[in-house]
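Fold and contact review
Below, each chain spelled out in residue letters.
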Amino acid sequence: TDWLLPALAGFGTGILSAWGVGGGTLLLLLMTLFLGVDQTQAQGINLLYFLPTAGISLLEHRKNGYLDREVMRAAIPLGTLAALLRVGGDLGIAVFRKPFGVFLLWAGANMLLQKKK
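Now for a quick tour of the structure.

This part takes up the overall build of the protein chain. Looking only at helices and strands, the protein chain has five helices and zero strands in total. If you list the helices and strands of the protein chain from N to C, you get α-α-α-α-α. Across its three principal directions, the C-alpha atoms of the protein chain cover 45 × 35 × 30 Å. The proportion of buried residues among the 117 residues of the protein chain is 12%. In the protein chain, 38% of the contacts between residues at least 6 apart in sequence involve partners at least 24 apart. When the accessible surface of the protein chain is summed, it comes to about 9,500 Å², and 70% of that surface belongs to carbon and sulfur atoms. Averaging the coordinates of the 10 positive side-chain charges in the protein chain and doing the same for the 6 negative ones gives two points 9 Å apart.

What follows deals with the packing of helix α1 (residues 4-18) against helix α3 (residues 39-63). At their nearest, the axes of α1 and α3 sit 9 Å apart, and the two run at 35° to each other. For the element pair α1 and α3, the recorded crossing hand is right-handed. Residues Gly10, Thr13, Gly14, Ser17 and Ala18 of α1 form the contact with α3, whose own contacting residues are Tyr49, Thr53, Ser57 and His61.

What follows concerns the pattern of salt bridges. Under the definition given, this model contains one salt bridge. Lys63 serves as the salt-bridge partner of Glu60, at 3.4 Å between the closest nitrogen and oxygen. Highlighted residues: Glu60 and Lys63, both in helix α3, separated by three residues, approximately one helical turn.

Among the nonpolar cores identified, the biggest contains six residues, and these are Ala9, Leu27, Leu28, Met31, Ala42 and Tyr49. Of all elements in the fold, only α2 (23-33) and α3 reach the threshold of two or more residues within this core. With three residues, the single largest contributor to this core is α2. Those residues in contact with Leu27 that sit more than four places away from it in its chain are Ala9, Gly10, Thr13, Asn46 and Tyr49.

Calculation criteria
Residues numbered from 1 in each chain as written. Predicted model: local features only at pLDDT ≥ 70, side-chain atom pairs only at ≥ 80, totals over all residues. Heavy atoms only, no water. Helix = DSSP H or I, 4+ residues; strand = E, 2+ residues; numbered from the N terminus. Buried < 20%, exposed > 50% of the residue type's maximum accessible area, 1.4 Å probe, protein only. Contact = heavy atoms within 4.5 Å. Areas by Shrake-Rupley, 256 points an atom, 1.4 Å probe, with all protein chains shown as cover. Lys, Arg positive; Asp, Glu negative; His and termini not counted. Charge placed at Lys NZ, Arg CZ, Asp CG, Glu CD. Axes fitted to C-alpha atoms, helices over the stretch in contact; angles between N-to-C directions. Left-handed = near helix turned anticlockwise from the far one by under 90°. Salt bridge = Lys/Arg side-chain N within 4 Å of Asp/Glu carboxyl O. Core = buried A, V, L, I, M, F, W, Y, C linked by side-chain atoms within 4.5 Å.

Following this line, the structure appears as structure tokens:
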């Protein structure tokens, strides 16, 4: 039964990912805070988790007309460049810890304070 909690966490955050809520971020928090997984290992697991959930979500968003091509044209090249700089460069993980924490707090506050349309 050691697999049950991680399986439920993956299932629940997969549903949230499909809704565009950031299930991968929540999975990272669950793995590091409650399952005792090292942050670097959790990030690697999260990247593998992200591929199928993002692909399925992308197809659904495209089908429903939720993709903004202008935003994608601007965001994808810059996001790819940033990832290449991180992977190919000398930037250590410590550089990203505080900004990532600030981002998580900002994202959580936005979700809590967001008004329904």
